Amino acid sequence: MSRQSFIVIGAGVVGASIAFRLAQGGAKVTVIEAGDIGGGTSSTSFAWVNAHDKSPRVYHDLNVAGMGAHRRLAEELDGDWYHESGCLEWREAGDQEAHVTNVERLQGWGYKARWISADQALSLAPFIDAGTIGEAPVAFFPEEGWVDTASYVRGLLAAASALGTTVVTRTRVSGVEWAGKKVVGVRTETGTSYRADTVVNCMGRWADDPVLPEELRVPMNPSYGLLVYVQAPGIHLNRVLFTPRCHIRPDTSGRLLICKNDAIHALGPNSIVGPAMPEANALIQEASHVIPALTSMKASEVKLGIRAIPADGLPAVGPTSEIDGYYISVMHSGVTLAPVIGSMAAAELLEGRPDEALAPFRPDRLVPRQNRSIHAQ
Ligand SMILES: Cc1cc2nc3c(=O)[nH]c(=O)nc-3n(C[C@H](O)[C@H](O)[C@H](O)COP(=O)(O)OP(=O)(O)OC[C@H]3O[C@@H](n4cnc5c(N)ncnc54)[C@H](O)[C@@H]3O)c2cc1C
């Protein structure tokens, strides 16, 4: 049998993971990336590895599988990107009942979660202000962590390249090539055509880009998150903090990363984002209620992240039923999920056997059959 060939569009955490596992399985792989590797949403992520509040159960289980896969993959490739730091969570008074319910549900599912005292919290994260916790119950999730996504993508693509994968950067796919109802390759803006047995869409939040014909797009429902990086010498935070004020975690080179999901409704894709913006300082001041030493610190970098959320919130992974030669892998929580999706998708693609664990996440649910206009030449 001849060697199977694949084009992976997109070199984020998801594309890099699938490319690596395909190459490891003996396939000929070409990754085509519009920008630089890892420069999409993967570079604007809080990158917290968790299955903390994910439902339904099948989605929780997939995220738990992602956590285990991170640990094993970092060992396999001797990678320095995965930090299994644990996470501390407490909530404001009105939300504590829901917090207890969630932690009990997670414990019932066998997820590693335990209640700790405020003193234990302070010994796990000495720079936090005891007053900010007050009487709130604190949960500790020892198996959660965070990923240095730049290092992850570099590491996986280096491993894939060592197995013969070609990585083409700064080259935007501008269309697909067909033979009847089968996708047989892609065209790029530079006018080059690439051919392969299967094209894998790992385009993240651009998965609904009109460069793809409608029947190949994934309907998306993106949302925004502000990420503020602070050079914080002397604050040695080793855990992810999930607090009512904001989320805080360590980052590379002694920085801290602060993120808040719901404070930035006025920001959109055209907002001018930078360290001087008032929202950045406002977020640092929120974080200083948790870590008082932050109060006089300034943002060193600010990013606006746009989440790659398929229309119903769940991952879209798999082929589409009426089109050959095409496979989709697009999701939020992609940092947590990337290593397990990489293995599962590559196994499906190489062996042609559907993985039952992916059944709830098939892209067909998002594109009703009757609405499809199937391309045929
Ligand atoms: C603010 C924020 C916080 C988040 N926090 C977390 C978290 O704590 N934990 C977690 O697990 N996840 C989190 N996520 C989600 C996670 O970051 C994403 O799900 C993940 O990064 C998606 O990776 P990806 O490889 O699918 O997409 P991307 O990293 O965006 O990669 C897709 C790539 O495709 C390329 N591309 C697009 N169109 C084309 C084209 N036509 N031709 C060639 N290349 C193309 C892009 O340039 C891009 O590099 C967060 C996201 C945001 C925005």
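Residues numbered from 1 in each chain as written. Predicted model: local features only at pLDDT ≥ 70, side-chain atom pairs only at ≥ 80, totals over all residues. Heavy atoms only, no water.

### Let's talk about the packing of aromatic side chains
Here is the rule we go by: Whether two aromatic rings pair depends on their centres lying within 6.5 Å, for rings of Phe, Tyr and Trp, where Trp uses its six-membered ring; planes under 30 degrees apart make the pair stacked, over 60 edge-to-face, and the rest tilted. Helix and strand labels come from DSSP, where a helix needs a run of H or I of at least four residues and a strand needs a run of E of at least two; each type is numbered from the N terminus. Relative accessible area decides the class of each residue, using a 1.4 Å probe on protein chains only: under 20% of the type maximum gives buried, over 50% gives exposed, and in between gives partly exposed.
Per the counting criterion, the structure on display carries four aromatic pairs. Aromatic side chains W48 and F242 sit 4.8 Å apart centroid to centroid with 35° between the ring planes, which places their arrangement in the tilted category. Residue W48 is located in strand β3 (residues 48-49), and its partner F242 is located in strand β15 (residues 240-242); the two are separated by 194 residues in the primary sequence. Ring centres of W81 and Y152 lie 5.6 Å apart, and the angle between their planes is 75°; on these two criteria the pair is classed as edge-to-face. Taken as a pair, W81 in the loop between α2 (57-76) and β4 (82-83) and Y152 in helix α6 (residues 149-162) lie far apart in primary sequence, 71 residues in all. For W81, a relative accessible area of 4% corresponds to the buried category.

### Points about the sheet that holds strand β5 (residues 87-89)
Counted only if it meets this: By definition, two strands form a pair when at least two bridges between them are found by DSSP. Axis definition: a line fitted to C-alpha atoms, limited for helices to the stretch in contact. Angles are taken between N-to-C directions and run from 0 to 180 degrees. Contacts are assigned to residue pairs with any non-hydrogen atoms lying within 4.5 Å of each other.
The mixed open sheet is built from eight strands, whose spatial order is β6-β7-β5-β15-β16-β17-β14-β18. Sheet topology places β6 (114-116) and β18 (299-306) at the edges, where each strand pairs with a single neighbour. Each strand axis lies, on average, 20° off the axis of its neighbour in the sheet, ignoring direction. Strand direction decides the pairing type here: strand β16 (residues 247-250) and strand β17 (residues 255-260), joined by four bridges, are antiparallel. Across the sheet, residue I248 finds its bridge partner in β17, namely I258. Across the sheet, helix α3 (residues 96-108) lies against β5, β6 and β7 (138-141), angled at about 135° from β6, the strand it touches most.

### Let's talk about the domain arrangement of the chain
Rule in force here: Annotation comment: domain bounds sourced from an automatic or database domain assignment. When two components associate, each loses some accessible surface as probed by a 1.4 Å sphere; the sum of these losses over both components is called the buried area. One side-chain nitrogen of Lys or Arg within 4 Å of one carboxyl oxygen of Asp or Glu is enough to make a salt bridge.
Along its sequence, the chain is carved into domain 1 (5-46 + 150-219 + 311-371) and domain 2 (87-142 + 224-306). Relative to domain 2, the C-alpha centre of domain 1 lies at a distance of 32 Å. Contact with domain 1, which involves six residues of that partner, is made by twelve residues of domain 2. Overall, the association of domain 1 and domain 2 removes approximately 690 Å² of surface from exposure, summing both partners, and the carbon and sulfur fraction of that is 62%. The interface formed by domain 1 and domain 2 contains zero salt bridges.

### A word on the environment of Y111
The condition is simple: Here a polar contact means two N or O atoms within 3.5 Å. Within protein one must be a hydrogen donor candidate and the other an acceptor candidate, and residues neighboring in sequence count only if both atoms are side-chain atoms.
When you line up the elements, Y111 lands in the loop between α3 and β6. According to the relative accessible area criterion, Y111 is buried, its value standing at 8%. For Y111 and H52, which are 59 residues apart along the polypeptide, the C-alpha to C-alpha distance reads 8.8 Å. Among residues more than four places away in sequence, those in contact with Y111 are N50, A51, H52, H60, V64, M67, L106, F141 and E144. From its side chain, Y111 meets the backbone nitrogen of A51 in a polar contact 3.0 Å long.

### So, the site of the ligand
Heads up, the rule is: Throughout, near means a residue has at least one heavy atom within 4 Å of the molecule or strand. Accessible surface is estimated by sampling points in the Shrake-Rupley manner with a 1.4 Å probe; for residues, cover comes only from the protein chains shown. Just so you know the grouping, Ala, Val, Leu, Ile, Met, Phe, Trp, Tyr, Cys and Pro go in nonpolar, Asp, Glu, Lys and Arg go in charged, and all remaining residues, Gly too, go in polar.
Around the ligand, the structure places 35 residues, and the nearest of them are E33, S42, S45, W48 and G334. Take S45: an N or O atom from its side chain is 2.8 Å from an oxygen atom of the ligand. The contact in question runs from an oxygen atom of the ligand to an N or O atom on the backbone of V335, over 3.3 Å. Expressed as a share of its isolated accessible area of 1,000 Å², the protein-covered part of the ligand is 96%. Going through the elements one at a time, α1 (13-24), β18 and α8 (334-351) are the ones with two or more residues in the shell around the ligand. Split by residue class, the shell around the ligand holds 17 nonpolar, 15 polar and three charged. The residues that make up the shell around the ligand include at least three from each of domain 1 (5-46 + 150-219 + 311-371) and domain 2 (87-142 + 224-306).

### Comments concerning the sheet that holds strand β1 (residues 5-9)
Within the open sheet, the six strands sit side by side as β9-β2-β1-β13-β20-β19. Their pairing is mixed. Single-partner strands in this sheet number two, and they are β9 (166-168) and β19 (316-319). Pairwise comparison of adjacent strand axes, ignoring direction, gives a mean angle of 15° for this sheet. As paired elements, β1 and strand β2 (residues 28-32) share five bridges and run parallel to each other. Residue pairing in the sheet places F6 in a bridge with V29 of β2. Against the sheet, α8 engages β1, β13 (198-201), β19 and β20 (326-330), with an angle of about 170° to β20.

### A few points about the pairing of β19
The side chains of a regular strand alternate between both faces of the sheet. With four bridges connecting them, β19 and β20 associate as antiparallel partners. Across the sheet, residue A316 finds its bridge partner in β20, namely V330. Hairpin connection from β19 to β20: six residues lie between these consecutive antiparallel strands, with G325 at a positive phi of about 75°.

### Digging into the nonpolar core
Soluble, globular proteins show a tendency: their nonpolar side chains are buried together. Just so we agree on the cut-off: Nine residue types can take part in a nonpolar core, namely buried Ala, Val, Leu, Ile, Met, Phe, Trp, Tyr and Cys, and a core is a set of them joined through side-chain atoms within 4.5 Å.
I18, L22, Y152 and I341 are the most contacted members of the largest nonpolar core, which has 65 residues in total. The biggest single contributor to this core is α8, with nine residues. The two domains that each donate at least three residues to this core are domain 1 (5-46 + 150-219 + 311-371) and domain 2 (87-142 + 224-306). Apart from the residues lying within four places of it in its own chain, the contact partners of I18 are V200, C202, S329, I341, G342, A345, A346 and L349. By size, the runner-up hydrophobic cluster in this structure holds 35 residues, among which are L88, I258, L283 and I284.

### A closer look at the packing of α1 against α8
Our working rule: Handedness of each helix crossing follows the sense of rotation of the near helix against the far helix: counterclockwise by less than a right angle gives left-handed, clockwise gives right-handed.
Across the interface, α1 lies against α8 with an axial gap of 8 Å and an inter-helix angle of 35°. For the crossing formed where α1 meets α8, the hand is right-handed. Contact residues: V13, V14, S17, I18, R21 and L22 in α1; G334, V335, A338, P339, I341, G342, S343, A345, A346, L349 and L350 in α8. Per-class residue counts for the contact of α1 with α8 are twelve nonpolar, four polar and one charged.

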